[in-house]
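Each chain is listed here by its residues.
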Amino acid sequence: MSDKLVIATAKSGDVRIIAAITTDLVNEGVSVHNCTPTASAALGRLLTAGSLMGATLKSEKDTITLKISGGGEARGVVATSYADAHVKGYIGNPNVELPPNNKGKLDVGGAIGKNGSLTIIRDMGLKEPYVGQVPIYTGEIGDDLAYYFTVSEQTPSAVGLGVLVDTDTSIKAAGGFIIQMMPGADDLIADLITYRLEEIPSITELILKGMTAEQILEFIFEDMDLKILEEMVPRYKCDCSRERVERALVSIGKKDLEEIYNEGKDEEIKCHFCNKDYQFTNEQIGELLKGAYNG
Ligand SMILES: [Zn+2]
């Protein structure tokens, strides 16, 4: 099933839902970073979460960055998403590989670790971005994000994120949903949805059955007045460019840039998100220095 993200409501708007199939997106992201299966599951879940949250942004200049770092061998995972549900990300250690957890699943919680926090940075083009942070709850990412929404944004939420890695280490199925109760919604609706979510198979099982994002929502929200509002195609996409790398180089400050220049060597700068190399000759660094600080 090809990737698709849908935004919907249920119960006359009392419930807001974002759901997506992200198999191709996660496949792209984990192959860029050459991830092991455990790393793929961790990065894939955060990329899916990023894509779901990015889809709610109003302006194309806005971004949401999710960072989770719990002291585990994954050494932190980062995802940044945009208004069109595009997302990019990386994992500190793409080679992390742990034995399966006690449920026989890839041990994302173990790889992330529990000694740290989940940070959400909403950059809406204002002077300061809005930063929210919660301690890590399980390190499984979905639970942590639900905890974040409920505690930090006072929006009771259920989050499901799933990445199924195939025997050849490609992604067999990936997807997720965020279900949120709007202010004033009846507690009974939340109970009903919680009960429903406990009953149904995991999102990756539903995707493997060939269900589309809409069909998955119709299945979960049967008889709950589901309305699909918007559809998008989530993608893995890095927006780096030579200009951005130049700006980043200049932003380290005159003194540090001078130091690099005075070493007299060429510099190679790799984009964290897509591994693209940007080459700068010593002469080009000198020109940047001159342009930014002596001009
Ligand atoms: Zn890049």
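Residues numbered from 1 in each chain as written. Predicted model: local features only at pLDDT ≥ 70, side-chain atom pairs only at ≥ 80, totals over all residues. Heavy atoms only, no water.

### Topic: helix H1 (residues 23-32)
Where we set the bar: To sort residues, take the accessible area from a 1.4 Å probe on protein chains only and compare it with the maximum for the residue type: under 20% means buried, over 50% means exposed, and anything in between is partly exposed. What counts as a helix is a DSSP run of H or I of at least four residues, what counts as a strand is a run of E of at least two, and both are numbered from the N terminus. Working note: the arc is built from the helix axis to C-beta atom directions.
Buried within H1 are the following residues: Thr-23, Leu-25, Val-26, Gly-29 and Val-30. Down the axis of H1, the buried set is contained in an arc of 160°. They therefore lie on one face. One or two positions beyond H1, positive phi appears at Asn-34, with a value near 55°.

### Concerning the packing of aromatic side chains
Stated precisely, the cut-off is as follows: Aromatic rings from Phe, Tyr and Trp, taking only the six-membered ring of Trp, are treated as a pair when their centres fall within 6.5 Å; an angle between ring planes under 30 degrees marks them as stacked, one over 60 as edge-to-face, and anything in between as tilted. In our convention, an over-ring charge means Lys NZ or Arg CZ found within 6 Å of a ring centre and within 35 degrees of that ring's normal.
All told, the structure shown has 3 aromatic pairs when counted by the stated rule. Ring centres 5.1 Å apart and planes at 10° place the aromatic pair Tyr-137 and Tyr-147 in the stacked group. Here Tyr-137, found in the loop between strand S7 (130-135) and helix H4 (142-152), pairs with Tyr-147, found in helix H4; they are 10 residues apart in sequence, far enough to count as distant. Positioned over the ring face of Phe-280 is Arg-242, at 4.1 Å from the centre of the ring.

### Description of helix H10 (residues 282-294)
Heads up, the rule is: The length a helix should cover is 1.5 Å for every residue beyond the first.
The terminal C-alpha atoms of H10, which comprises 13 residues, lie 17 Å apart, in line with the 18 Å expected from a rise of 1.5 Å per residue. Residues of H10 that are buried: Asn-282, Ile-285, Gly-286, Leu-288 and Leu-289. Each buried residue of H10 lies within a common arc of 160° when the element is viewed along its axis, so the set occupies one face. Opposite the packed face of H10, turned more than 90 degrees from it, sit the exposed residues Glu-283, Glu-287, Lys-290 and Gly-291.

### Overview of the domain arrangement of the protein chain
Here is the rule we go by: Note that the domain bounds reflect an automated or database-derived domain assignment. The contact rule is simple, with two residues in contact once any of their heavy atoms fall within 4.5 Å. By convention, the term buried area covers the 1.4 Å-probe accessible surface removed from two parts as they join, with the contributions of both added. The term salt bridge refers to a side-chain nitrogen of Lys or Arg lying within 4 Å of a carboxyl oxygen of Asp or Glu. Counted as a polar contact is a pair of N or O atoms within 3.5 Å, where, for protein atoms, one must be capable of donating a hydrogen and the other of accepting one, and residues adjacent in sequence contribute only when both atoms are in side chains. For this classification, the nonpolar set comprises Ala, Val, Leu, Ile, Met, Phe, Trp, Tyr, Cys and Pro, the charged set comprises Asp, Glu, Lys and Arg, and every other residue, Gly included, is treated as polar.
Domain boundaries in the protein chain define domain 1 (4-236) and domain 2 (242-294). If you average the C-alpha positions of domain 1 and of domain 2, the two centres end up 35 Å apart. Listed by partner, the interface residues are 8 residues for domain 1 and 4 residues for domain 2. When the two sides are added together, the surface that domain 1 and domain 2 hide from each other amounts to roughly 510 Å², 62% of it contributed by carbon and sulfur. The largest per-residue losses of area from domain 1 upon contact with domain 2 belong to Val-32, Lys-88 and Tyr-90, which jointly make up 69% of the total buried on that side. Applying the counting rule to domain 1 against domain 2 returns 0 salt bridges. The interface formed by domain 1 and domain 2 holds 3 residue pairs in polar contact (both at pLDDT 80 or more) in total. Looking at the side of domain 1 that touches domain 2, its residues break down into 4 nonpolar, 3 polar and 1 charged.

### Considerations on the pairing of strand S1 (residues 4-10)
Our working definition: Strands are treated as partners if at least two bridges between them are detected by DSSP.
Extensive coverage of S1 is indicated by the burial of 6 of its 7 residues. When S1 meets strand S2 (residues 15-21), the two strands line up antiparallel, connected through 7 bridges. Each residue of the ladder has a partner; that of Thr-9, found in S2, is Arg-16. Bridge analysis of S1 against strand S10 (residues 227-232) gives 5 bridges, and the strand direction is antiparallel. Counted as the bridge partner of Ile-7 is Glu-230 from S10.

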